[in-house]
Each structure stands twice: as structure tokens, then as C-alpha cells.
Protein chains: 2
Amino acid sequence: MSIIKVAVDAMGGDKGHKVVVKGAIKAAKANPVKIILVGHEKKLQNALRKHKYDGDMIEIVGASEEITMHESPKQGIEAKPDASIVVAAKLVGEGKADALVSAGSTGSVVLSAARFIPRISDVRRTAIATVYPTLNELERNDYLSLMLDVGANVHCSAEELAQFAIMGSAYVGDVRGIPDPKVALLNIGEESSKGGEKMQEAYRLLQNTDSINFVGNIEGKDILRGISDVIITEGFVGNIVIKTLEGAAKTIGKLGKLAFKARISWRFGLVMLRKGIAILKEVTDYSEYGGAPLLGFEKMVIIAHGRSNQKAISNAIKLAGKCVRDDVCGQISKNIKSFERTPGREYERMAFERSAKDK
Amino acid sequence: MSIIKVAVDAMGGDKGHKVVVKGAIKAAKANPVKIILVGHEKKLQNALRKHKYDGDMIEIVGASEEITMHESPKQGIEAKPDASIVVAAKLVGEGKADALVSAGSTGSVVLSAARFIPRISDVRRTAIATVYPTLNELERNDYLSLMLDVGANVHCSAEELAQFAIMGSAYVGDVRGIPDPKVALLNIGEESSKGGEKMQEAYRLLQNTDSINFVGNIEGKDILRGISDVIITEGFVGNIVIKTLEGAAKTIGKLGKLAFKARISWRFGLVMLRKGIAILKEVTDYSEYGGAPLLGFEKMVIIAHGRSNQKAISNAIKLAGKCVRDDVCGQISKNIKSFERTPGREYERMAFERSAKDK
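Given the structure is predicted, the values throughout are model-derived calculations rather than measurements.

About the criteria used
- Every chain's residues receive numbers from 1 upward, in the order its sequence appears when written.
- Written order decides the labels, with chains lettered from A and ligands numbered from 1.
- In keeping with the predicted nature of the model, local features appear solely for residues at pLDDT of at least 70, side-chain atom pairs appear and are counted solely at 80 or more, and the whole-chain, interface and lining totals rest on all residues.
- With hydrogens and water excluded, all non-hydrogen atoms of the structure serve as input to the side-chain values.
- Comment: elements are numbered from the N terminus, with helices defined as DSSP H or I runs of at least four residues and strands as E runs of at least two.
- Exposure categories follow from relative accessible area, calculated using a 1.4 Å probe and restricted to protein chains: below 20% of the type maximum is buried, above 50% is exposed, and the middle band is partly exposed.
- In what follows, a contact means two residues having at least one pair of non-hydrogen atoms within 4.5 Å.
- For the area figures, the Shrake-Rupley method with a 1.4 Å probe applies, and any residue is considered shielded solely by the protein chains shown.
- Only protein atoms enter the 1 Å grid used here. Points where a 1.4 Å probe fits but cannot escape make up a cavity, open sets with protein on both sides within 12 Å along at least five of seven lines make up a pocket, and a residue lines them when an atom lies within 4 Å of a point.
- Grid points are joined across faces, edges and corners, and a volume is the space filled by probe spheres set on the points.
- Under the grouping applied here, Gly and all other residues not named as nonpolar or charged are polar, the nonpolar ones being Ala, Val, Leu, Ile, Met, Phe, Trp, Tyr, Cys and Pro and the charged ones Asp, Glu, Lys and Arg.
- Between the N-to-C directions of two axes lies an angle of 0 to 180 degrees, each axis being a line fitted to C-alpha atoms and, for a helix, fitted only over the stretch in contact.
- The hand of a helix crossing depends on one turn: near helix anticlockwise from the far one by less than a right angle means left-handed, and clockwise means right-handed.
- Like charges are joined within 9 Å and nonpolar side chains (Val, Leu, Ile, Met, Phe, Trp, Tyr) within 5 Å, but only among residues with over 30% relative accessible area and no salt bridge; these make up the patches.
- Salt bridges, as used here, are contacts in which a Lys or Arg side-chain nitrogen is within 4 Å of a carboxyl oxygen on Asp or Glu.
- Counted as positive: Lys and Arg. Counted as negative: Asp and Glu, with His and the chain ends omitted from the count.
- Working definition for charges: the position is that of NZ of Lys, CZ of Arg, CG of Asp or CD of Glu.
- Two strands are counted as paired when DSSP detects at least two bridges linking them.
- Call a crossover right-handed when, viewed with both strands pointing away from you, the route from the first strand across the helix to the second goes clockwise.
- Boundaries of every domain are those given by an automatic assignment or by a domain database.
- The term buried area refers to how much accessible surface (probe radius 1.4 Å) is lost by two components on association, counted for both of them together.
- Expected helix span is computed as 1.5 Å times (number of residues minus one).
- Stacked, tilted and edge-to-face pairs are distinguished by plane angle, under 30 degrees for stacked and over 60 for edge-to-face with tilted covering the rest, among Phe, Tyr and Trp rings (Trp via its six-membered ring) whose centres lie within 6.5 Å.
- Pairs of N or O atoms are called polar contacts if they sit within 3.5 Å, as long as, within protein, a hydrogen donor faces a hydrogen acceptor (for residues adjacent in sequence, only side-chain-to-side-chain pairs).
- For every residue, the predictor assigns a confidence score, pLDDT, that lies between 0 and 100.

**With respect to the overall build of chain A**
- Counting its regular elements, chain A contains 13 helices and 11 strands.
- The burial tally for chain A puts 58% of its 359 residues in the buried class.
- Put simply, of all contacts in chain A between residues at least 6 apart along the chain, 72% involve residues at least 24 apart.
- A total of about 15000 Å² of accessible surface is found on chain A, and carbon and sulfur atoms cover 49% of it.

**Remarks on empty space enclosed by the protein**
- Enumeration over the complete set of coordinates arrives at nine cavities of 30 Å³ or more.
- Lining the largest cavity, in full, are H155 and F236 of chain A together with K198, M199, T233 and E234 of chain B.
- Considering only residue class, the lining of the largest cavity consists of two nonpolar, two polar and two charged.

**Side note on the packing of helix α4 (residues 84-93) of chain B against helix α5 (residues 106-116) of chain B**
All names here are of chain B.
- For the pair α4 and α5, interaxial distance at closest approach is 9 Å and the crossing angle is 35 degrees. When the axes of α4 and α5 are compared, the crossing they make is right-handed. Seen from α4, the contacting residues are I85, V86, A89, K90 and G93; seen from α5, they are S108, V109, S112, A113 and F116.
- Class assignment of the residues belonging to the contact of α4 with α5 gives a composition of six nonpolar, three polar and one charged.

**Considerations on a positive patch on the surface**
- A contiguous patch of positive charge on the surface is contributed by K18, K22, R49 and K50 of chain A.
- Relative to the elements of secondary structure, K50 of chain A occurs in the loop between α2 (41-49) and β3 (58-62).

**Here's the deal with the pairing of strand β2 (residues 33-39) of chain B**
All names here are of chain B.
- Of all the seven residues making up β2, seven are buried; the element is thus mostly covered by neighbouring parts of the structure.
- Of the pairings in the sheet, the one linking strand β1 (residues 4-9) to β2 comprises six bridges and is parallel in character. Bridging from a neighbouring strand, A7 pairs with I36 of β2.
- The handedness of the β1 to β2 crossover, carried by helix α1 (residues 17-30), is right-handed.

**Quick look at the sheet that holds strand β10 (residues 292-295) of chain A**
Residues and elements named next belong to chain A.
- A sheet is described by the order of its strands in space; here 11 strands give the open sequence β3-β2-β1-β4-β11-β10-β5-β6-β9-β7-β8, paired in mixed fashion. Each having just a single partner strand, β3 and β8 (213-218) make up the two edges of the open sheet. The mean angle between the axes of side-by-side strands here comes to 25 degrees, regardless of whether they run parallel or antiparallel.
- Bridge analysis of strand β7 (residues 182-186) against β8 gives five bridges, and the strand direction is parallel. Looking at β8, one finds that L185 is bridged to N217.
- Against the sheet, helix α5 (residues 106-116) engages β4 (99-102), β5 (127-133), β10 and β11 (300-303), with an angle of about 170 degrees to β11.

**What about the domain arrangement of chain A?**
Residues and elements named next belong to chain A.
- Here the domain parsing of chain A yields domain 1 (1-118 + 297-326) and domain 2 (121-286 + 328-359).
- At the junction of the two partners, domain 1 supplies 14 residues and domain 2 supplies nine residues.
- Across the domain 1/domain 2 interface, buried area totals approximately 1100 Å², and carbon plus sulfur atoms make up 67% of it.
- At the junction of domain 1 with domain 2, the criterion picks out zero salt bridges.

**Examining helix α1 (residues 17-30) of chain A**
Residue and element names in this part refer to chain A.
- Between the first and last C-alpha of α1 there are 20 Å, a value that for 14 residues agrees with the 20 Å anticipated at 1.5 Å per step.
- Among all positions of α1, only H17, V19, V20, V21, G23, A24, I25, A27 and A28 are buried.
- The inward-facing, buried residues of α1 contact β1 (4-9), β2 (33-39), α2, β3 and α11 (310-325).

**Quick word on the packing of aromatic side chains**
Residue and element names in this part refer to chain A.
- The full count for this structure, using the stated rule, is two aromatic pairs over all chains.
- Judged by centre distance (5.1 Å) and plane angle (85 degrees), the ring pair of Y203 and F214 falls under edge-to-face. Of this pair, Y203 sits in helix α7 (residues 197-207) while F214 sits in strand β8; the two residues are 11 residues apart in sequence, bridging distant segments of the chain. Neither Y203 nor F214 differs from the other in exposure class; each is buried.

**Details of the packing of helix α6 (residues 158-175) of chain A against helix α12 (residues 328-340) of chain A**
Residues and elements named next belong to chain A.
- Packing of α6 against α12 brings their axes to within 9 Å, and their N-to-C directions diverge by 145 degrees. Judged by the sense of rotation from one axis to the other, the crossing of α6 with α12 is right-handed. The segment α6 lies against α12, with E159, A162, Q163, I166, M167, A170, Y171 and D174 engaging V328, Q331, I332, N335, I336, F339 and E340.
- Residues belonging to the contact of α6 with α12 are distributed by class as follows: nine nonpolar, three polar and three charged.

**Describing helix α11 (residues 310-325) of chain B**
- Across its 16 residues, α11 of chain B extends 22 Å between first and last C-alpha, which sits within 8% of the 22 Å expected from 1.5 Å per residue.
- Residues of α11 of chain B that are buried: A312, I313, S314, N315, A316, I317, L319, A320, G321, C323 and V324 of chain B.

**Topic: the sheet that holds strand β8 (residues 213-218) of chain B**
Residues and elements named next belong to chain B.
- A sheet is described by the order of its strands in space; here 11 strands give the open sequence β3-β2-β1-β4-β11-β10-β5-β6-β9-β7-β8, paired in mixed fashion. Taken across any chain shown, the strands that pair with only one partner, and hence form the sheet edges, are β3 (58-62) and β8. Adjacent strand axes in the sheet meet at a mean angle of 25 degrees when their direction is disregarded.
- In this sheet, strand β9 (residues 230-232) lies alongside strand β6 (residues 144-148) in parallel orientation, the contact comprising three bridges. Bridge pairing in β9 links M147 to I231.
- Along the sheet, α11 contacts β1, β2, β4 (99-102) and β11 (300-303); its crossing angle with β1, the most-contacted strand, is approximately 145 degrees.

**A few points about unusual backbone geometry**
All names here are of chain A.
- With omega at 0 degrees, the peptide bond leading from L148 into D149 counts as cis.
- Its location among the elements puts D149 in the loop between β6 (144-148) and α6.
- Phi is positive for E139, close to 55 degrees, though the residue is something other than glycine.
- Structurally, E139 is set in the loop between β5 and β6.

**Examining the environment of S145 of chain A**
Residue and element names in this part refer to chain A.
- Note on placement: S145 falls in strand β6.
- Between the C-alpha atom of S145 and that of Q163, which follows or precedes it by 18 residues, the distance is 18 Å.
- If we ignore the near neighbours within four places in the chain, the residues touching S145 are T130, V131, Y132, T134, R176, G226, S228 and D229.
- Among the polar contacts made by the side chain of S145, one reaches the main-chain carbonyl oxygen of S228 at a distance of 2.8 Å.

**Remarks on the pairing of β7 of chain A**
All names here are of chain A.
- Along β7, four of the five residues are buried, which leaves the element largely enclosed by surrounding structure.
- Viewed along the sheet, the connection from β7 through α7 into β8 turns out right-handed.
- Taken together, the three bridges between β7 and strand β9 (residues 230-232) define a ladder with parallel strand orientation. Across the sheet, residue L185 finds its bridge partner in β9, namely I232.

**Some points on the confidence of the model for chain A**
All names here are of chain A.
- The predicted model of chain A has a mean per-residue pLDDT of 88, with 85% of residues at 70 or higher.
- Contacts from residues 259-272, a stretch scored under 50 in pLDDT, to residues over four places away or in other chains number 16 contacts.
- The complex model carries a pTM of 0.88, and its ipTM stands at 0.86.

**A word on the environment of Q163 of chain A**
Residue and element names in this part refer to chain A.
- Along the chain, Q163 falls in helix α6.
- Beyond its immediate stretch of four places on either side in the chain, Q163 contacts D122, V123, R124, R125, I336, F339 and E340.
- Of note is the side chain of Q163, whose polar atom sits 2.9 Å from the backbone nitrogen of R124.

Pasting the structure below:
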């Protein structure tokens, strides 16, 4: 097998291309991957020149434009055909690279991937998955769970939710090394009758999907307990939930600061406070675990956080490499195919489509 | 005007009828309301006998059955026509009381009210509103915001969301004494184009509703900041968000306990931690602010928390009395009527119904 190539959007990210270059060098040293840095050729050459690295493992592909965080992703992609994220996604789509890593705006990564990288056959919608820290009640080796979709789509069907479960399971099974990851459906109660017709249908589908280990519905209050490895929800809800947790973490941080100003005697508490709330703070800290996978494409796409430092970029590249090596996309494809061919699915699908029309 | 009568479901609540009786006595002493305690006649007489109270202000109406927290509300109401919540709701529906207070299961209160208390004319769906604490960035006199719906319904239309905004505004305007409360729509982004067709339509409707002060979309990360007085969302999302916050508060509490066990030196921090996270803990602590209003009925309904102590029961009765005195339901009725008669609404409604069908 030839060496794995990861295309890295070198202009994405709030901290600028120099941090991405440093992260790429770090990754190339520690992992058997070749990195294709995509961005302003001269800037990248200048940045690379300041470091020692194996020239066989890092190459530059020029891209004269970039899409900023504040730009409309849709307009950006249309107006800038030579933007770094566009060129990087094209490289992956054309098979010149095996995976894509970008710390650019989520919208621009999602849209570029959608335009230039083929979706896995039978996958109806791609999904953004976010890793978040939990109390780890399952006592896994790490304390992370995966939630998807957190914003690639607004709404989706029961069948699409089941597909998200298949994709999330395959990803977590590989990346966290959990053989039979527990999958739960985010809902307003534990009973299978909760949440309206679509959620009831999703519950039934998930129960009858062979390639996943469905453990039932999960309520909002149990998200942080870590009682499932994967939580499935539609983008509208997932986005609001993840941002609510982010807001809760910030609120506590702010209260800490207010306390710091208010009373000397509180200062002792603050150090502790900070440790105690680390678990919530990390909801938005991708640096340890590399980034959010965008699942459903034939090639692996990792969205690194906009604020990624060099360690986070390096981890994102490492993660992309591991997913390619273990053929996560191939596993997803296999399981989605088997899901679509489950006997009885045809009937269930028709019944569901009928009921959706009646509403 | 004759004295305000509040029917209190004396058998609801995890702490038993004695606590409800104590709460009622406390409320009767401090407020110009007459309390009708509904429940097992003898038990209530025995409990009352132990206290001094004005016999003109507290009366008992017998109800031989009760619906427990673990019972299906629907089956409970059907099987137990003499359940305390059923009898209490009937008293209110028949005009023998002006408001209903219950610390029973949310489902049994919602269903009993729906069955026996008329909905305000033109109100399409009732909604449960929850008060939650914030960082109070608006610098109001208190640090509370209102979110609705948090679970009376699963999904609802754009028009129903606009009605929730009208109901929540009227309630907050009265109870918190805020003349022009700020109303925000919970969504996945601030732009009016976010969240799909229904949320776009809701945004437009909210903008054009005279009786409310719509300030735009609000994201999950800003819920706890207190930048709006009322947050509107559908029941599925509201329920998950409120429970997620509840879970975040519990998680921090648990981390605090783990820390307590782990290290002596952390103990200083814990006291501070507890103060700092009070804001999150109170998400589930109704005792200070009386309970969650169930809005949209012709009479006021207050759902007190299941774990209500006597102070919480007393506050819930006080809250119900204030709402009756200030005619919150009448205000809601007036504003809903004016909303339904807004010129242009007919056209918008038809267009929306068409687009909903096309999906």
C-alpha cells in the first residue's frame, strides 16, 4: 500500500498558516503520512523554510485565495475557485489525497466537501460529529462520547438518523477502539413512544439495525454522564445542545471571574473551580482529540477547531491518517449497504414515507 | 371583586400532603387568597388541625384518589375520576376556583387542565414555561428568564411559536414587572435565514407581532447570558435544552463530590464551587419562584416542582394569586386576538400552510 496522503487546508484557522505549518511538521515527524499543504505558495515556503522536516513527507499545492471565517461559505466557494479549502477538497475528490483536514469555517468545509468529494453510495446525508467529554460512567479508556449530527443538516428523516448511527458507530469503533459501541437516540423521554412519529420510527429502525448496538433513548440530563458512546440527533437539536453546553461552561468561567473580583477569600476556590469544570470547558476544546469528523463521504474529512493550535492540527492529521489506514469510510459503506438491504426495510420505508406525507 | 380562590392539588408532590398543607397555611397568612385544598378529606383535616389558621381562608374539597409520579398520566386520569388533580382541575374549569396549583406529575397536570379547563379562544396550543436563572446581562431586578415550550407539545408550527411568544411576554411582563420584555427565538444561528423554513417563518411572524418586543434569534451558547427575557422554542427542543442544563448542573455537583473525596486541599474550593454553580443548580429549583406556568388556559395553572417544600408551595400559590389579580390570562387573550386579526396574517398563513404541504 502506498503512503497515506492528507490534504491540509493551510489557510484555514484563526491562528494563521504558520501554526498550521508547524502542526503539519509535527504530524509528519510522528506519523506515517504524507502531508499536502494547500495555500499561498510563497507564504507556505517561507514558513516551512524555518523548520527542519523531511521534504518527501510534506509538499505544497498552491491556492491563491482563501475563505475567511466571516464570509458566507456559499458565496465564498462560488467567488473563489482557487480558495485553499476548494483546492484541497478537489485534490481529495480527484484521488490525489486520501483525507482532508481543515480548521476553516465549518460551512466552507462542509460545502467544499459536498461539492468535490463523492458521498458514499446509499448515504442520504452527511453529518458532522462532535466529540465531547463525559463523566465516563461506562468506564471506557477515555471519557469521550460522540454526538451527531450537530449541524450539517437542519432536519432529517428517521432513516437518516439510523444512517447517522451506523456512521457514528463505525467511526467510534475504530478511533476509540470500542468493539461494540453503545448508541443512543436523543429524545424527550426513555420510552420508545416518546418524541412524536419520526422519533418512534427512528427508534424502531435503530432497534433493527444489525451493525449497531442500540441502547435506547437518552434524555438531555444524561448527555454528560457518558452512558452511551454515540448520541444520535438531528442537526437543529444537536447544534443547540452542543452550544448550550458550551454556554454553560462559559457561564461558570464567568462566575469564577466575578468571584475572583469580588472576594479575596474566593480565590482558593477558583483554582478548584477551574479543575472541576474542565470537563465542560473541553466541550469546545478540540486540541486533544483532533477535530470533528464529517461523516458520509468516500474520503475522510476532519474539521479542526478554528482556534486550533499546532498540537490540535497535528492531532487532526494523525486522526485523519488513522481513519484512512483502518478504512473507516469502507466500514461505513459496508454497513450502510447492509442496512439498506435488510429484509423488511422496503416496507418500513414505504410506510414511513406515507406517514410523513400524511402529516 | 370577590376574593381570589386557588385550588391546590394537596396530594401531588413527592413530599406528601402535610408539606402542601403547611405551604397553604403559609400562603394564606401572607396573601389575600382563599385556598381550596383538594385531596383525602380526613388526612387533610388531620394535617390542618395541627396548625393555627384562618378557617375562612382555607377549605377542603374531598378527592379519594391520587395519581402518582410513576403512573401513566393518561391512564391515571381515565381510571381515577376522583383523583385530586382531576377534582381540582374541575373546580377551576367550573369557575369554583380562579387558579390551579399542583406539584403532581407534569403530565397529569397538563392532561387534567386540557380536559377540564377551557383554552383561551384562538390559542392553538398551550405551553409549559420554565423560569431559569441567568447571568442577567440585561441587568433586570432579578436574574430570571422564561423558556417555553419545554414539553407540553413535541412539535408545533411557526404560528404556534408566535403565540407562545405572546403568552410568555404577557406572563413575564406581569410577574417580573418588565414593561416590554425582550423575546428571542432559539435557533442555530442569529441570521433570520437560519433553521429551515419553519424557523424563518416564525422569525417573520415574530417580527410583525405588535404585542411583543422581538429581538431576533438566540443560539444555545447565549441561553444563560440573560440577553432576553423570554426564549421561544418547540417542546422537543425546549425539553432537551432544559434537561441538558439540569444534567450540566448535576455533573458539576458530582465532580465537586469526587474532588471532595480525592483531596483535602480541594475542600476550600468546594464551598466556592457550590456558590459558583448555584446559578446552574437552580435550573431545577423552583422553590424561589413558585413554579412553571402552563399558559394558554382561561385560568392560571402553576406546576410546582415535584420536590416542592412548603416555601415552594406557598410561593406557587402566591404566584397564582398575583396572576389572577393582574388578569394575566385576560391580557394573553387580548393579545392573541389582536395577533390573529393583524392585517396580512391571512395571506401569510395561507402561504405558510401551502409551503408546509409542499415539503
